[in-house]
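Residue-level listing of the chains:
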Amino acid sequence: MPTSDADIERVRELVAAIPPGRVATYGDIAAAAGLSTPRTVGWIMRTDSADLPWHRVLRANGTPAPHLAHRQLRQLAEEGCPLTGDRVDLRRARFTFD
């Protein structure tokens, strides 16, 4: 099933709702949006996230995208997000969608 405009807007709304210092995983967002796979969230983030707090979206293990790791971790640290080395402490920083 192709990704609809409604799916894209829902993902955008969810990412925009993540507060400073908190994070969500691609899987968290996919589940909240009712999508079948986190890969769809990744595709949306790659193509339509310039105006969103993209740095608050991580992999399931709490690590950032390798090609953006330095920038992403710096932005999260500036927001007060709890980091342990090169990953986010998901137990403390994970945002739960309503």
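Since the model is a prediction, treat every value here as computed from it, not as a measurement.

**So, the overall build of the protein chain**
Scanning the protein chain from N- to C-terminus turns up five helices and four strands. Secondary structure elements of the protein chain occur, N-terminal to C-terminal, as α-β-α-α-β-α-β-β-α. Over its C-alpha trace the protein chain gives a radius of gyration of 13 Å, about what one expects of a compact globule, namely 13 Å for 98 residues. For the protein chain, the C-alpha atoms occupy an extent of roughly 40 × 25 × 20 Å along the three principal directions. Put simply, the protein chain has 98 residues, and 43% of those count as buried. Within the protein chain, contacts between residues separated by at least 24 positions form 60% of all contacts whose residues are at least 6 apart in sequence. Total accessible area computed for the protein chain in this model is approximately 5700 Å², and 50% of it derives from carbon and sulfur atoms.

**A look at the side chain of Asp 89**
Looking at where Asp 89 falls in the secondary structure, it is placed in the loop between strand S4 (87-88) and helix H5 (90-93). Side-chain polar atoms of Asp 89 contact the backbone nitrogen of Arg 91, separated by 3.2 Å. Leave out the neighbours within four places in its chain, and Asp 89 touches Pro 82 and Thr 84.

**What to know about the packing of aromatic side chains**
For the coordinates displayed, the defined rule picks out one aromatic pair. Ring geometry for Phe 95 and Phe 97: centres 5.2 Å apart, planes at 90°, overall edge-to-face. Phe 95 sits in the buried class, given a relative accessible area of 19%.

**Focus: the pattern of salt bridges**
One pass over the structure, following the stated rule, counts eight salt bridges. Arg 94 is the salt-bridge partner of Asp 28, the closest N and O atoms lying 2.8 Å from each other. Of the two residues, Asp 28 sits in helix H2 (residues 26-33) while Arg 94 sits in the segment after H5, which places them 66 residues apart along the sequence. Bridged by salt links that share partners, the residues Glu 9, Arg 12, Asp 48 and Asp 51 form one connected network.

**Concerning the nonpolar core**
The biggest cluster of nonpolar side chains holds 18 residues, and the ones touching the most others in it are Val 11, Val 15, Ile 18, Ile 29, Val 41 and Phe 97. For this core, the secondary structure elements donating two or more residues are helix H1 (5-17), H2 and helix H3 (38-47). Counting residues per element, this core draws most heavily on H1, which supplies four residues. Residues within four places of Ile 29 in sequence aside, it is in contact with Val 11, Leu 14, Val 15, Ile 18, Ala 24, Val 41, Val 57 and Phe 97. Formed by seven residues, the second largest nonpolar core is a distinct cluster that contains Leu 58, Cys 81, Leu 90 and Ala 93.

What counts as what
Residues numbered from 1 in each chain as written. Predicted model: local features only at pLDDT ≥ 70, side-chain atom pairs only at ≥ 80, totals over all residues. Heavy atoms only, no water. Helix = DSSP H or I, 4+ residues; strand = E, 2+ residues; numbered from the N terminus. Rg over C-alpha atoms; globule rule 2.2 N^0.38 Å. Buried < 20%, exposed > 50% of the residue type's maximum accessible area, 1.4 Å probe, protein only. Contact = heavy atoms within 4.5 Å. Areas by Shrake-Rupley, 256 points an atom, 1.4 Å probe, with all protein chains shown as cover. Polar contact = N/O pair within 3.5 Å; in protein donor to acceptor, adjacent residues only side chain to side chain. Phe/Tyr/Trp six-rings, centres within 6.5 Å; stacked < 30°, edge-to-face > 60°. Salt bridge = Lys/Arg side-chain N within 4 Å of Asp/Glu carboxyl O. Core = buried A, V, L, I, M, F, W, Y, C linked by side-chain atoms within 4.5 Å.

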